[in-house]
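Observations on chain architecture
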Amino acid sequence: MTHKLLYVIILLTFFCLLTPCHILEAQIIKIGKMEVIYKNTKTYDEDAITSSMGLYKDEPFDIKKIKSGILQLKKFYFDNGFFDIAVDTSIAFNQEDETMLLKFFIFENKHYKIDNLIYKGLEKVLPETSAKISKIQTIGPDKFYNKILIIQQSNEVLDYLQNHGYMNARMKIDSGIIIKKYSENSNPKLSVILNFEGADTVFHFGKTDIHIDSNVYNVSEELLRKEIGYNEGDIYSKEVKLNSERDVSKISIVQSTRIEITSIHGDIADFRANIKLNKRNEVIPYLKGTNIENHFYFGGGVQYLNKYFSSGGKVLSFQLDALYNSLKINRFEFSTILTQPHFLNITKSTISDKLTIGLYNLEGFKNYYLGNSTTVNYFISEKTFYNNAFLDLNEELVRFKFDNDTSLLNVFHSILNVTAVHDNTNDLLSPSRGYYHSITLGSAGLIPKLIIHAFKNFYYSEYFKAYSYNRFYFNLPSLTSIFATSFKVGDIIEYGSGDRLIPIQSIYKFFSGGSGSLRGWNAKGNGVLANKLNGGKFLLEGSLELRKKLFPRKENFLKNISGAFFLDYGNVWESHKDFKLKQIALAIGFGVRYNLFIGPIRVDFGFKLYDPLDQDKWLFNNFSRIFKDKFAIQFGIGEAF
């Protein structure tokens, strides 16, 4: 036996003694139990520690990833004021479940507090500006150092400067944030120095030229200029400039807007708005899923859009919809909409008029519909509580053909609504934080009462309607979850008299139960009413929902799957006089969502937790009924609220 062969055998034998045979067979070893041991103090729990490292049980063991995770852990502590953090590691193989056991020994040591927060480079700012900056307190003295809050503090100061004339203000690139550590009476402290530059001149807006790239449609420059939110001579504001870019881009014919500096002379900055246009005409086929009167409809249609119809930025569209719920419940609709910006020459206002012809098949009757809806919208401000205001006037001629009756009912309906909206949610389709609130006050019957005698065999209703809808969203990053809650209340009060006056028809009432309501009941299946399908005039409903991504660390299709647990409550009554607290129904359940670009596709499984009208009021009073008449499956596109 040669010396080389003997050397190879010795190496293989030594390797086998240290390494289980299954490792030689290239079996993937996974991370097993992870233990965090604190040697002096404990500030964060074990989950926060392992999450900061990006290490998770049952994932493949990789020594490079372990080392990288330890560096991330040190950075996590450093960014939170533990500048003397030390971490030791112990790794062992567990023969029983064939996983790697990880132990992390953490020496947190000193936790530094901010003693001074010092601004440099702001010596030339105006006294009133300096006073405002001194009141910015994202983080301040006697607070533990936190890198994220320090960055937020510097960004808030920078935003304030750039929004009050200091166009060139910025953080120093090489020394924007400086930390100086020291101890005072054995207390670990530090000074944080924020270094700014360019904050020496207050600039004003000069001239702004409009440049339209390939203006083949002869788009009016004056139309675009109305959306620019500043005037020549105003103090420069980055926020106003960005909002102007956004508002110009809201015009349908505009694809994008970029406002850039062209020249500076003294404290005056001239700009140019570079604008690219969309194609004027577009035909758009689409699929659609929506809730109408608590029924979920799926279908589609086609839309023709003229984004620059005539002058003044008018937009014209024709739309054909076909929506299906069941053989007996479906809708066919054709509509045309004309929208005009700058109604009455008022900036941030629009007026739109929608003419609709429809055939709606519902429970027990058909609607032949001809309606016109005029809506005036005025954007108030992002800084006020109510951001938007709406004024709606609807006039409708509706023919009811009942399945069990040969007679027809012709209704002339009109309602004038005023709506105020507050919305600071962060996403249209799937918000994770923010608050939405709307309140609507309406009065029906005024126009028909004045001209009803011009329409033979037509009837109308008179009523006052009040409705409020509220939604709250809270991001729970530690749980990779979102907590959402909603509340809505509505009341209809009928009044008036006359030979043509009839009770309010069902299509204008409130309903309970369905995909966007109490999900333990099918659509229009809930209500303290003699006929639930006929609806009621007083509604109180709400929901609590926990939404969670089920596979947040996956990179394939699984990353789009999320789940939800919910509690719905509420009911609908014939009037507010009939309301009783003990008649509030409860539904619980869970659901699965798959997130697409159009929003989440949603399936919910709801149970009647408490049914005030059932002899077995509570869900578990009769187990045999749980999956029979105390259970409902709901479908939807988009979140329930």
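The following paragraphs examine the structure supplied in this document. (Residues numbered from 1 in each chain as written. Predicted model: local features only at pLDDT ≥ 70, side-chain atom pairs only at ≥ 80, totals over all residues. Heavy atoms only, no water.)

Side note on the sheet that holds strand 10 (residues 268–277)
- Read from one edge of the open sheet, three strands run 8-10-9, paired in mixed fashion. For this open sheet the edge positions go to strand 8 (204–213) and strand 9 (254–265), each flanked by a neighbour on one side alone. In this sheet, neighbouring strand axes are inclined to one another by 20 degrees on average, regardless of whether the strands run parallel or antiparallel.
- On the sheet, helix 8 (residues 238–249) packs against strand 9 and strand 10 and is oriented at approximately 145 degrees with respect to strand 9. (Pairing = 2+ DSSP bridges. Helix = DSSP H or I, 4+ residues; strand = E, 2+ residues; numbered from the N terminus. Axes fitted to C-alpha atoms, helices over the stretch in contact; angles between N-to-C directions. Contact = heavy atoms within 4.5 Å.)

Focus on helix 8
- Its 12 residues place the ends of helix 8 17 Å apart at the C-alpha level, agreeing with the 16 Å of an ideal helix rising 1.5 Å per residue.
- Restricting attention to buried positions, one finds in helix 8 the residues Lys-241, Ser-244, Glu-245, Asp-247 and Val-248.
- On the buried face of helix 8, the contacting elements are helix 7 (221–225), strand 9 and strand 10. (Expected span 1.5 Å × (residues − 1). Buried < 20%, exposed > 50% of the residue type's maximum accessible area, 1.4 Å probe, protein only.)

Let's talk about empty space enclosed by the protein
- Enumeration according to the criterion identifies two cavities of 30 Å³ or more in this entry.
- For the largest cavity, the full set of lining residues is Tyr-469, Ser-486, Lys-488, Gly-516, Ser-517, Glu-541, Gly-542, Ser-543, Ala-640 and Phe-641.
- Those elements giving two or more residues to the lining of the largest cavity turn out to be strand 21 (481–494) and strand 22 (538–549).
- The greatest single-element share of the lining of the largest cavity, amounting to three residues, is contributed by strand 22.
- The residue makeup of the lining of the largest cavity, split by class, is three nonpolar, five polar and two charged.
- Roughly 30 Å³ of volume is contained in the second largest cavity.
- Around the second largest cavity, the lining residues are Glu-293, Leu-362, Glu-363, Phe-365, Ser-506, Ile-507, Lys-524 and Leu-533.
- A per-class count over the lining of the second largest cavity returns four nonpolar, one polar and three charged. (1 Å grid on protein atoms, 1.4 Å probe; cavity = no way out; pocket = protein on both sides within 12 Å on 5 of 7 lines; lining within 4 Å. Points joined across faces, edges and corners; volume = space filled by probe spheres on them. Nonpolar A, V, L, I, M, F, W, Y, C, P; charged D, E, K, R; others polar.)

Some remarks on the sheet that holds strand 3 (residues 99–107)
- Within the open sheet, the three strands sit side by side as 1-3-2. Their pairing is mixed. Where the open sheet ends on each side, the last strands, each with one partner, are strand 1 (30–38) and strand 2 (86–94). The mean angle between the axes of side-by-side strands here comes to 20 degrees, regardless of whether they run parallel or antiparallel.
- Bridge count for strand 2 against strand 3 is nine bridges, and the pairing is antiparallel. In the strand pairing of strand 3, Ala-92 is matched with Leu-101.
- Here helix 3 (residues 46–53) sits on the sheet and contacts strand 1 and strand 3; the angle it forms with strand 1, its principal contact strand, is near 125 degrees.

Some details on the nonpolar core
- Grouped together as the largest cluster of nonpolar side chains are 23 residues, with contacts concentrated most on Leu-362, Phe-400, Tyr-463, Ile-507 and Tyr-508.
- At the level of secondary structure, the elements contributing two or more residues to this core comprise strand 15 (349–362), strand 16 (365–379), strand 17 (388–402) and strand 18 (408–423).
- When residues of this core are assigned to their parent elements, the largest contribution, three residues, is made by strand 18. (Core = buried A, V, L, I, M, F, W, Y, C linked by side-chain atoms within 4.5 Å.)

Section: the pattern of salt bridges
- A full pass over the atoms with the stated rule returns 32 salt bridges.
- When the shortest N-O distance is used, the salt bridge between Glu-541 and Lys-488 registers 3.7 Å. Placement of the pair is Glu-541 in strand 22 and Lys-488 in strand 21, with a sequence separation of 53 residues. Here the two residues Glu-541 and Lys-488 agree in accessibility, since each one is buried.
- Asp-604 serves as the salt-bridge partner of Arg-602, at 2.9 Å between the closest nitrogen and oxygen. Exposure class is identical for Arg-602 and Asp-604. Each is buried. (Salt bridge = Lys/Arg side-chain N within 4 Å of Asp/Glu carboxyl O.)

Side note on the packing of helix 3 against helix 4 (residues 63–78)
- One can describe the packing of helix 3 onto helix 4 by two numbers: an axis separation of 7 Å at closest approach and a directional angle of 120 degrees. Viewed along their axes, helix 3 and helix 4 adopt a mutual orientation that is oblique. The handedness of the crossing between helix 3 and helix 4 comes out as right-handed. From helix 3, Ile-49, Ser-52 and Met-53 reach across to helix 4, where they touch Gly-69, Ile-70, Gln-72, Leu-73, Phe-76 and Tyr-77.
- Considered class by class, the residues forming the contact of helix 3 with helix 4 number six nonpolar, three polar and no charged. (Parallel < 35°, antiparallel > 145°, perpendicular 65-115°, else oblique. Left-handed = near helix turned anticlockwise from the far one by under 90°.)

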